[in-house]
Protein chains: 4
Amino acid sequence: MAGVNKVILLGNLGADPEVKHLEGDKVVANLRLATTEAYKDKSGNRVENTEWHDLELWDGQARIAEQYLKKGMQLYVEGKIKSDTWQDEQGNNRKRTKIRVLSFTMLGGRPDNAGSPQSNTGAYTGSTQSMPSTSVPAGPADDDDLPF
Amino acid sequence: MAGVNKVILLGNLGADPEVKHLEGDKVVANLRLATTEAYKDKSGNRVENTEWHDLELWDGQARIAEQYLKKGMQLYVEGKIKSDTWQDEQGNNRKRTKIRVLSFTMLGGRPDNAGSPQSNTGAYTGSTQSMPSTSVPAGPADDDDLPF
Amino acid sequence: MAGVNKVILLGNLGADPEVKHLEGDKVVANLRLATTEAYKDKSGNRVENTEWHDLELWDGQARIAEQYLKKGMQLYVEGKIKSDTWQDEQGNNRKRTKIRVLSFTMLGGRPDNAGSPQSNTGAYTGSTQSMPSTSVPAGPADDDDLPF
Amino acid sequence: MAGVNKVILLGNLGADPEVKHLEGDKVVANLRLATTEAYKDKSGNRVENTEWHDLELWDGQARIAEQYLKKGMQLYVEGKIKSDTWQDEQGNNRKRTKIRVLSFTMLGGRPDNAGSPQSNTGAYTGSTQSMPSTSVPAGPADDDDLPF
DNA sequence: TTTT
DNA sequence: TTTT
């Protein structure tokens, strides 16, 4: 039966992409994305809850991720849930879930703290001059196919 | 930073709900939902790929799940990704991901095989007389609040 | 600025598709889809609210719609909002909004009322033998590319 | 039949909110949101396509919109399609479609053009000091319920 | 472990 | 005009 498996995330990157160039021109990028929700508990105190997502991008998208995505940037992502299952050395069934990204849109990053000491973490600080803001669909994306 | 963490699934239940009644009127239901995608590979052969999702419902929704959901039924689900992290006995960091259901809609099940031998698995067979078709939002849902 | 314009619908077809074959192998299909929500008002009465959506499909998808979709069928749809604007004869600005379908999944229809008099409306009655249940993505979809 | 009618938008406000305070503490805010997609046509030229959406927010959300939303701001929106139908003076059936907002998240705005002449349009220019970044759900939202 |  |  045909089904639907769709994930929509909007959050910030916890680190620069980890990119591996495989044989045969294949490229895979792994990202850590944090989505935070805030609410007030019964006592009226503001509570923050952060969920970390493991994202996986392939080929054309992985190359764009490698080139443009940086720790701290804000990202809108569409994808699907994909899990690996295996047996560990103890013979236990194990499962790891990640998000296979199908398209993403760069939204910006944390604001530039003008005047304050710059961190040296390499994190993206929102200078939009150097970042193309675009949507990156899946598919055989040569750089020539990019809309920017 | 406020973010978005949204999951949309449409698939079939692999088993009847597992429901636990906890102290203080709390109820939790766990479901296994399969989403299947079909495509043709390069050789033109039809390939099927099934992803299994662990769903978690609480309280009012859990009670409805307990009452109406059955193995084999088709479900539309909205929710969010939620993971538990812990250390196992070996001291390894472990993570388990599930879908916290925020609303769901019962769509039906596999059609009643009239004339063919009925399975005795207790699986739902699509007899719509006994199933209310409705959308079940989150919240303090007494049975009185249900729209059917 | 790259943005997101996404619509997700799950409802029933109010009529058979209206299909036009245009010059140059172009095909367009128009569908009417009803999405119904039910709730209880303050007095506790069950209220139903139906929204009608104008869907537009092109080419490969339009051909599949023409071949398989029927009045009454239940459909899951992903697409985007697209509006036409023009001036009418009185010089008033007019706007018409429709959903450009990017993918859809056939879910079934109202159950076959075995034994009861069949309506002669040509409406789909859920006999799954004749209907492939599949997801239909956008793109240059020859029938050969279909996963069923 | 319970259905799904869901819209997800990410775009920029074309104008400040238009807010009307009605009798009985009811408030309604209307917003114009632009979603832009960019692609390359067959000749390889970059093409931009902007869709304008009419958003409607009520009560608690409308009050927050009135207080914080400004022309130019970037917004993530979830809602549903809602159309009004009526007959005009000529007796023609007319239909107007809008998005009833169920939750939204403020993402920022167009970057502050430091050094360049400021426009006097009252548009939001991304100074994050004065803007709480949060998600605003539907419901009876007193200011006290806001998570910021 | 579901469904077609 | 659909569906329950």
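This text goes with the structure placed above it.
As the structure is a computational prediction, the values presented were derived from the model and not from experiment.

**Q** Outline unusual backbone geometry, listing residues and values.
**A** Note: most residues except glycine have negative phi, and most peptide bonds are trans. Phi at B:Asp59 takes a positive value of approximately 55°, unusual for a residue other than glycine. With respect to the helices and strands, the residue B:Asp59 is situated in helix H1 (residues 59-68). Using a relative accessible area of 22% as the deciding quantity, one classes B:Asp59 as partly exposed. Here C:Asp25, not a glycine, exhibits a phi torsion of approximately 70°, which is positive.

**Q** Would you mind going over the interface of chain B and chain A in detail, with residue names and values included?
**A** Counting from both sides, the interface comprises 31 residues of chain B and, opposite them, 31 residues of chain A. Both sides together, the interface formed by chain B and chain A hides about 2400 Å², and carbon and sulfur atoms give 40% of it. At the junction of chain B with chain A, the criterion picks out four salt bridges. Salt-bridge contacts for A:Lys95 lead to B:Asp54; the nearest nitrogen and oxygen are separated by 3.8 Å. Here chain B is connected to chain A by 12 residue pairs in polar contact (both at pLDDT 80 or more). Tallying contributions element by element places strand S1 (residues 4-13) of chain B first for the side of chain B that touches chain A, with eight residues. Its residues assigned to classes, the side of chain B that touches chain A shows 10 nonpolar, 11 polar and 10 charged. Alignment of strand S1 (residues 4-13) of chain A against S1(B), held across seven bridges, turns out to be antiparallel. The residue bridging A:Leu9 from the neighbouring strand is B:Asn5, located in S1(B).

**Q** Go over the environment of D:Ala15 with me, naming the residues and quoting the values.
**A** Residues and elements named next belong to chain D. With respect to the element layout, Ala15 can be found in the loop between strand S1 (4-13) and strand S2 (18-21). Taking the C-alpha atoms as reference points, Ala15 and Leu69, 54 residues apart in sequence, are found 9.2 Å from one another. Apart from the residues lying within four places of it in its own chain, the contact partners of Ala15 are Arg32, Lys70 and Lys71.

**Q** Account for the relation of the copies chain B and chain A, naming residues and giving values.
**A** The operation linking the two copies of the chain is a rotation about an axis combined with a translation along the axis. At an RMSD of 0.0 Å, chain B and chain A line up after a rotation of 180° and a shift of 0.0 Å along the axis. This pairing of chains is accounted for by a two-fold axis. Among all C-alpha atoms of chain B, that of B:Val7 lies closest to the rotation axis, at 2.3 Å. A shared interface surface links the copies, since 100% of the contact residues of chain B are contact residues in chain A too.

**Q** Any details on the side chain of A:Lys80? Residues and values, ideally.
**A** With respect to the secondary-structure elements, A:Lys80 resides in strand S5 (residues 74-87). According to the relative accessible area criterion, A:Lys80 is buried, its value standing at 17%. Among the polar contacts made by the side chain of A:Lys80, one reaches the side chain of B:Glu37 at a distance of 2.8 Å. Aside from chain neighbours lying at most four places away, what touches A:Lys80 is A:Asn5, A:Val7, A:Lys98, A:Ile99, A:Arg100 and B:Glu37.

Calculation rules
Residues numbered from 1 in each chain as written. Chains lettered and ligands numbered in written order. Predicted model: local features only at pLDDT ≥ 70, side-chain atom pairs only at ≥ 80, totals over all residues. Heavy atoms only, no water. Helix = DSSP H or I, 4+ residues; strand = E, 2+ residues; numbered from the N terminus. Buried < 20%, exposed > 50% of the residue type's maximum accessible area, 1.4 Å probe, protein only. Contact = heavy atoms within 4.5 Å. Buried area = accessible area lost by both parts, 1.4 Å probe. Salt bridge = Lys/Arg side-chain N within 4 Å of Asp/Glu carboxyl O. Polar contact = N/O pair within 3.5 Å; in protein donor to acceptor, adjacent residues only side chain to side chain. Nonpolar A, V, L, I, M, F, W, Y, C, P; charged D, E, K, R; others polar. Pairing = 2+ DSSP bridges. Least-squares fit on C-alpha atoms with pLDDT ≥ 70 in both.

By themselves, these observations are geometric and do not establish any function.
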